[in-house]
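Results of the structural survey
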Amino acid sequence: MRQHNGYYSIIQFCPNPERFELINVGIAVKLCTDEPNIKIKTIENTSRTEKAFGKINKSQFSIALRSFSNRLKSELQKKLFKEEYSVFQNKRAKQFKVT
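Residues numbered from 1 in each chain as written. Predicted model: local features only at pLDDT ≥ 70, side-chain atom pairs only at ≥ 80, totals over all residues. Heavy atoms only, no water.

1. Some points on the overall build of the chain
Stated precisely, the cut-off is as follows: Strands are runs of DSSP state E lasting at least two residues, helices are runs of H or I lasting at least four, and both sets are numbered from the N terminus onward. Throughout, exposure labels follow a simple rule: accessible area from a 1.4 Å probe, protein chains only, divided by the maximum for the residue type, with under 20% read as buried, over 50% as exposed, and the rest as partly exposed. We call two residues in contact whenever any of their non-hydrogen atoms come within 4.5 Å of each other. Here the Shrake-Rupley method, with its probe set to 1.4 Å, supplies the accessible areas, and only the displayed protein chains count as covering residues.
Along the backbone of the chain there are three helices and four strands. By residue count, 28% of the 99 residues in the chain fall in the buried class. Of the contacts made within the chain by residues no fewer than 6 positions apart, 52% connect residues no fewer than 24 positions apart. Approximately 7200 Å² of the chain is accessible, and the part contributed by carbon and sulfur atoms is 49%.

2. Comments concerning the nonpolar core
The nonpolar side chains of a soluble globular protein tend to be buried, and buried together. Heads up, the rule is: Residues enter a nonpolar core if they are buried and are Ala, Val, Leu, Ile, Met, Phe, Trp, Tyr or Cys, with the set joined through side-chain atoms within 4.5 Å.
Ile11, Val25, Phe61, Leu72 and Phe96 are the most contacted members of the largest nonpolar core, which has 14 residues in total. Secondary structure elements with two or more residues in this core: β1 (6-13), β2 (23-31), α2 (58-76) and β4 (96-98). Considering each element in turn, this core owes the most residues, five residues, to α2. Setting aside residues up to four positions removed in sequence, Phe96 forms contacts with Gln12, Phe13, Val25, Phe61, Ala64, Leu65 and Phe68.

3. Remarks on the sheet that holds strand β3 (residues 37-42)
Defined as follows: DSSP calls a pair of strands paired once it identifies at least 2 bridges connecting them. Whenever a helix is involved, its axis is fitted only over the stretch in contact; in every case the axis is a line through C-alpha atoms, and angles between N-to-C directions fall within 0 to 180 degrees.
The four strands lie next to each other as β3-β2-β1-β4, forming an open sheet whose pairing is antiparallel. Strands at the two margins of the open sheet, each flanked by one partner only, are β3 and β4. Taking the axes of each pair of neighbouring strands and ignoring which way they run, one obtains an average angle of 20 degrees across the sheet. In this structure, β2 lies alongside β3, joined through six bridges in antiparallel fashion. Bridge assignment links Ala28 to a residue of β3, and that residue is Ile40.

4. Considering the pattern of salt bridges
Any two side chains of opposite charge can pair, so long as their charged atoms come close to each other. Spelled out, the test is: Definition used for salt bridges: Asp or Glu carboxyl oxygen within 4 Å of a side-chain nitrogen of Lys or Arg.
Taken as a whole and judged by the stated rule, the model has three salt bridges. Between Glu44 and Lys41 there is a salt bridge, and its shortest N-O distance comes to 3.3 Å. Side by side, Glu44 and Lys41 carry an identical accessibility label, which is exposed. Note that Lys58 and Glu50 form a salt bridge whose closest N and O atoms lie 3.7 Å from each other.

5. Focus on the environment of Asn37
Here Asn37 lies in strand β3. Under the relative-accessibility criterion, Asn37 is labelled partly exposed at 25%. The sequence separation of Asn37 and Gly6 amounts to 31 residues, and the corresponding C-alpha distance is 9.4 Å. Leave out the neighbours within four places in its chain, and Asn37 touches Val29, Lys30 and Leu31.

Structural data, given as structure tokens:
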């Protein structure tokens, strides 16, 4: 098995940014190979999220998480993603965050 350097980010949900309470809802991994090798895995069940924050609209949450994951994947595919990624993180101060 070949070893590769890579990066990972935790995707977090924060319904009330002013309270800064977060729950992990996914992970993004980028392997540094010749071809972009990016994997994003998100939660399929919202029960833990609802336990922490109360009832949420599951379909709206799933759509928003999928949309955020797709945008994150496109950012990670960029060649100079390190510099642009920090800009992306700072701009995305809504319900989803990456660390």
